[in-house]
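Results of the structural survey
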Amino acid sequence: MTQAGRQGSPRNSSGRKGPERKSAGSAGRGAPSPRGGGFGAGQRDFSKGGDRPYKAPKPREERFIDPDEAAAAQAGRPAAGDWKSGAKPAARKPGARKPGAGKAPGTPGAPKAKPRSAAAKTFGTRAFGGERFGQNLGAVRKPSRKRGPSGPVPQSELHDADGVRLQKVMAQAGVASRRVCEEMIAEGRVEVDGQVVTELGVRVDPKTSVIHVDGLRIQLDESLVYMVFNKPKGVVSTMEDPDGRPCISDFVRNTHGERLFHVGRLDVATEGLLLLTNDGELANRLTHPSYEVPKTYLVQVRGPFPQGIGAQLKAGVELEDGFASVDSFKLVDSTPGHVLIEVVLHSGKNRIVRRLFDAVGFPVLRLVRVKVGPIGLGDQRQGSIRNLGKQEVGHLLASVGL
């Protein structure tokens, strides 16, 4: 087919309107050629099996709905004359014929909304459920503190006439809306000073009361700061260094004049998570051995790594200051010449991870702490500092019984 023929085809016109066709009796491009019954340039012989000419689609007709077929479909049986084919009746839209289906919600006669599932209800009404800041850590699994009595407590025992309503204190702390906070109180999910409160109207003192929702401590003191610092290699774990080496204060830009403490230490060559806060009680509990706060590290050593070393580290290795062991040991990745291992331990001794691996004959090439208690480093870049979300603070406080 010639180029001219392709250009003349209606399918290859690229949406451009071609020249109008002339009538059959007039001489034009569509008239037979005097040479022998052929067609002129730019025309195709559609009678020989070529492409068919373009035809405009017919307008769609509305489907006729037979009342008998509609009644049969509603009854769940095939329509008359259609029982032989075995075709299933068309499924109608659920709730389309219910009384009040067309009325707006909330108006008289409108159908009531279906209750949400338990999972959706739990997610929507959990403490700090609408918070977009920080990481979502879910519910508190095993709070170490002792819960108060499960039964209702008289309002007079916790009521403070000069205080603020409990649901208002919760709403101002970012737990949820005031209406949802009232529902939490009625469901017995709120504790004040270790006692469950189920009555509305209780007033509390925000400065002295300790409030928990679903096991999460609500921090009402706005002056307390909680931060996570991803320490790079070569930075000293101090706020000031007399030798002029890089330290934590070089990365802290805005603390509103608050003095921060670094929870624990990381040696100069170790990278990763370091908590910063001005909450002295929390810092003391996180570093105290009796609370056994777990810490997760990624350890890189030279491979291959023989079997049995992990069991040896879990059983315990004798060091110069006594026996030490890891709580968990997992091989993460293995490449030619290098092995990446994840270990979890609660000991806070100086350079404990490096000394453990030195004792089994595999010196540490690179060490990164990725988690302390429930707080993880995630995808936070090195050298950056971020504030903890209120849900993260609640989990951190619950991990040490606060």
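Refer to the structure presented above.
Quick look at the structure, then.

Rules of the game
Residues numbered from 1 in each chain as written. Predicted model: local features only at pLDDT ≥ 70, side-chain atom pairs only at ≥ 80, totals over all residues. Heavy atoms only, no water. Pairing = 2+ DSSP bridges. Helix = DSSP H or I, 4+ residues; strand = E, 2+ residues; numbered from the N terminus. Buried < 20%, exposed > 50% of the residue type's maximum accessible area, 1.4 Å probe, protein only. Phe/Tyr/Trp six-rings, centres within 6.5 Å; stacked < 30°, edge-to-face > 60°. Arc of directions from axis to C-beta. Core = buried A, V, L, I, M, F, W, Y, C linked by side-chain atoms within 4.5 Å. Contact = heavy atoms within 4.5 Å.

The 4 strands are arranged β3-β2-β5-β6 in an open sheet whose pairing can be described as antiparallel. Where the open sheet ends on each side, the last strands, each with one partner, are β3 (195–197) and β6 (216–217). Direction of pairing for strand β2 (residues 190–192) relative to β3: antiparallel, over a ladder of 3 bridges. Of the residues in β3, the one forming a bridge with Val 190 is Val 197.

Note: most peptide bonds trans; most residues except glycine with negative phi. Residues Gly 303 and Pro 304 are joined by a peptide bond in cis, for which omega reads 0 degrees. Its location among the elements puts Pro 304 in the loop between β10 (295–302) and α8 (309–315). Not every positive phi belongs to a glycine, and Asp 214 is a case in point at roughly 55 degrees. The residue Asp 214 is located in the loop between β5 (211–213) and β6 in this model. Overall, the relative accessible area of 31% leaves Asp 214 in the partly exposed class.

Strand direction decides the pairing type here: β10 and strand β14 (residues 338–345), joined by 8 bridges, are antiparallel. Residue pairing in the sheet places Val 301 in a bridge with Val 339 of β14.

All right, on to the packing of aromatic side chains then. One pass over the structure, following the stated rule, counts 3 aromatic pairs. Ring centres of Phe 229 and Phe 251 lie 5.2 Å apart, and the angle between their planes is 40 degrees; on these two criteria the pair is classed as tilted. With a gap of 22 residues between them, Phe 229 in strand β7 (residues 226–231) and Phe 251 in the loop between β7 and β8 (261–263) connect regions that are remote in the sequence. Since its relative accessible area comes to 0%, Phe 229 is described here as buried. Considering the side-chain rings of Phe 305 and Phe 329, the 5.9 Å spacing of their centres and the 25 degrees angle between planes classify their relative orientation as stacked.

Turning our attention to helix α6 (residues 178–186). Taken together, the buried positions of α6 are occupied by Val 180, Cys 181, Met 184 and Ile 185. Around the axis of α6, the buried residues are gathered within 145 degrees of arc, so they sit on the same side. Across from the buried face of α6, at angles greater than 90 degrees, the exposed residues are Arg 179 and Ala 186. The positive-phi residue at the C-terminal boundary of α6 is Gly 188, with phi of around 75 degrees.

Our next topic: the nonpolar core. Formed by 22 residues in total, the largest nonpolar core has its most connected members in Val 299, Val 301, Phe 305, Leu 313, Val 353, Leu 356 and Phe 357. Going through the elements one at a time, β10, α8, β11 (317–319), β14 and α9 (352–359) are the ones with two or more residues in this core. Apart from residues lying up to four places away in sequence, Phe 357 is in contact with Val 299, Val 301, Phe 305, Leu 313, Phe 329, Ile 341, Val 343, Phe 362, Pro 363 and Val 364. Counting 18 residues, the second largest nonpolar core, distinct from the first, contains Leu 282, Ile 375, Leu 397 and Leu 402.

Let us look at α9. Structurally, the α-helix is built with 3.6 residues per turn, so residues lying three or four positions apart point the same way. Of all 8 residues in α9, 6 are buried, a share of seventy percent or more. Every buried residue of α9 is accounted for by Ile 352, Val 353, Arg 354, Arg 355, Leu 356 and Phe 357. Just beyond α9, the residue with positive phi is Gly 361, at close to 90 degrees.

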